[in-house]
Amino acid sequence: MNLQKLVQLKSEGKSIPGNDLETLISAYVNGQVHDGEMTQFLKAVHANGMADEEIISFTEIMLNSGERIQFPRLETYIADKHSTGGVGDKVSIVLGPLMASAGLAIPMLTGRSLGHTGGTIDKLETIPGFQSNLSIDQFKTNVETMGICIMSQTESICPADRKMYALRDVTGTIDSIPLICGSIMSKKIAEGIQGLVLDIKTGNGAFMKTMDQAKPLGETLQKVGEAFAIKTDVVYSSMNQPLGRTAGMWCEIQESIDALQGKGSQDLMNVVFELGSKLLVQAGVTRWETAAIAIQENLIQNGKAYQKFEEIAAAQGGNLSEGGSLNSPLFEKTIKAESSGYIETMDTLNIGWAAVELGCGRRQKNDILDPTAGIEFMAKTGDEVKAGTPIFRCFNSNENKLDSAVNYLIDSVIIGPKKVSHTLFLLS
Ligand code: URA
């Protein structure tokens with residue numbers, strides 16, 4: 001393999017044969033190709049993209065670089081969901097147990113906070129004692145016996161992605177559709193799933209700001225899923241305001257518990273039910289999305305969905321009953337409307353960074369999170385407010401950080417004379 005020739009081909013927008021791509025990536029994983037050389041290649045892909053067949057080969061190479069989980073004993077439908085990341089996005093924490101209580105098997109390997117967006121694992125780890133790094137054997141056993149396990153990605157799954165993602169992160173090559181697709185889909189396929197639903201977040205608080213950016217990503221992810229015989233549905237949901245009532249750490253676990261007990265906010269439940277309906281139809285539980293919504297509502301009403309969440313927490317060492325008292329914040333501040341009118345716009349990116357500032361995310365890899373931190377949204381887009389009406393309540397256990405988060409939040413809403421409505425699903 002001549003690396004310069006591969007970079008040259010890619011720079012000219014040409015496709016690289018699968019076996020050359022494999023040689024290159026395995027040489028990189030084994031240390032024979034250096035970061036500088038791989039960066040040239042990543043930049044060429046970033047600039048010129050990849051053809052569909054190349055993306056599929058790339059995904060397969062990442063997948064084959066590590067362990068692939070299988071569930072030969074399971075007869076139930078095995079599925080997962082993936083979100084491209086948002087603010088207040090606790091959908092996995094509600095949807096996972098809900099789908100498991102409907103009889104699906106959910107092997108969910110999930111991530112930590114990324115940029116201004118929260119991470120499912122960081123939130124779950126606020127449950128006292130919760131273990132998120134089980135062995136793959138334990139992960140499989142939990143899925144086989146309880147229908148679900150939610151844990152963090154392990155070293156043995158897609159190690160090539162791990163190494164390349166770290167390099168992309170420092171070389172400005174994260175936002176490339178082929179690289180994102182290979183990275184996300186290899187890790188999902190490695191879970192041994194038959195079905196997948198993708199929540200492509202779109203809007204001012206998402207990585208994809210517009211539908212013109214989101215659509216090609218969704219379509220390519222779907223093509224890759226289908227190339228690996230995984231039933232793949234895509235939902236485009238809005239991140240033009242945070243999802244639900246809170247964004248943060250333990251507060252999002254508490255909100256997820258409320259949702260599983262039938263007290264979820266309408267926007268959160270709409271996203272949960274939309275994604276859940278896709279999975280229930282894929283699984284053949286029902287043919288109709290309306291029936292699928294009724295099934296989900298019933299599993300919440302009869303307590304089975306919440307019971308499954310309690311089982312997950314207990315199986316992974318978590319003590320839910322002490323979560324509230326151990327994660328009680330020391331400080332809080334309320335941010336009030338400065339004028340009267342309607343909330344027209346929420347700057348969700350800014351709100352996400354305010355949450356990071358409070359201690360819900362990392363600016364540096366080794367930053368320590370604050371499990372007590374978060375933001376409550378007391379008013380959202382379209383709500384009428386008077387000057388002095390509370391809009392945000394933010395809380396944590398580090399007063400200096402609280403003050404700087406307040407500065408982000410002060411400028412995060414626009415209040416105007418028009419009552420605007422928020423569109424939750426952009427296109428489905
Ligand atoms: N998340 C991933 O796992 N990979 C990407 O490339 C982007 C987001």
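Residues numbered from 1 in each chain as written. Predicted model: local features only at pLDDT ≥ 70, side-chain atom pairs only at ≥ 80, totals over all residues. Heavy atoms only, no water.

## Focus on the environment of Gly-248
Alright, step 1. With respect to the helices and strands, the residue Gly-248 is situated in strand 6 (residues 246–248).
Alright, step 2. Given a relative accessible area of 6%, Gly-248 falls into the buried group.
Alright, step 3. Each C-alpha atom of the pair Gly-248 and Ser-152 lies 18 Å from the other, and the pair is 96 residues apart in sequence.
Alright, step 4. Not counting residues within four places of it along the chain, the set of residues in contact with Gly-248 comprises Lys-123, Cys-360, Ala-373 and Gly-374. (Helix = DSSP H or I, 4+ residues; strand = E, 2+ residues; numbered from the N terminus. Buried < 20%, exposed > 50% of the residue type's maximum accessible area, 1.4 Å probe, protein only. Contact = heavy atoms within 4.5 Å.)

## Section: the pairing of strand 4 (residues 195–202)
Alright, step 1. Counted residue by residue, strand 4 has eight buried out of eight residues, so it is predominantly covered.
Alright, step 2. On strand 4, burial covers both faces: Gly-195, Val-197, Asp-199 and Lys-201 on one face and Leu-196, Leu-198, Ile-200 and Thr-202 on the other are all buried.
Alright, step 3. As paired elements, strand 1 (residues 79–83) and strand 4 share five bridges and run parallel to each other. When the sheet's bridge partners are listed, His-82 is paired in strand 4 with Leu-198.
Alright, step 4. Looking at chain direction, strand 4 and strand 5 (residues 231–238) are connected through eight bridges and run parallel. Across the sheet, Val-197 pairs through a bridge with Asp-233, a residue of strand 5.
Alright, step 5. For the segment spanning strand 4, helix 10 (residues 211–227) and strand 5, crossover handedness is right-handed. (Pairing = 2+ DSSP bridges. Right-handed = clockwise from strand over helix to strand, strands pointing away.)

## Notes on the domain arrangement of the protein chain
Alright, step 1. Its domain assignment divides the protein chain into domain 1 (3–49), domain 2 (79–322) and domain 3 (324–416).
Alright, step 2. Taking only C-alpha atoms, the centre of domain 2 and the centre of domain 3 are 24 Å apart.
Alright, step 3. Between domain 2 and domain 3, the buried area comes to about 2100 Å², and carbon and sulfur atoms account for 57% of it.
Alright, step 4. Linking domain 2 with domain 3 are two salt bridges, by the criterion used here.
Alright, step 5. Two residues, Asp-267 and Lys-380, come together in a salt bridge whose shortest N-O distance is 2.9 Å.
Alright, step 6. Here domain 2 and domain 3 share 19 residue pairs in polar contact (both at pLDDT 80 or more) between them. (Domains from an automatic or database assignment. Buried area = accessible area lost by both parts, 1.4 Å probe. Salt bridge = Lys/Arg side-chain N within 4 Å of Asp/Glu carboxyl O. Polar contact = N/O pair within 3.5 Å; in protein donor to acceptor, adjacent residues only side chain to side chain.)

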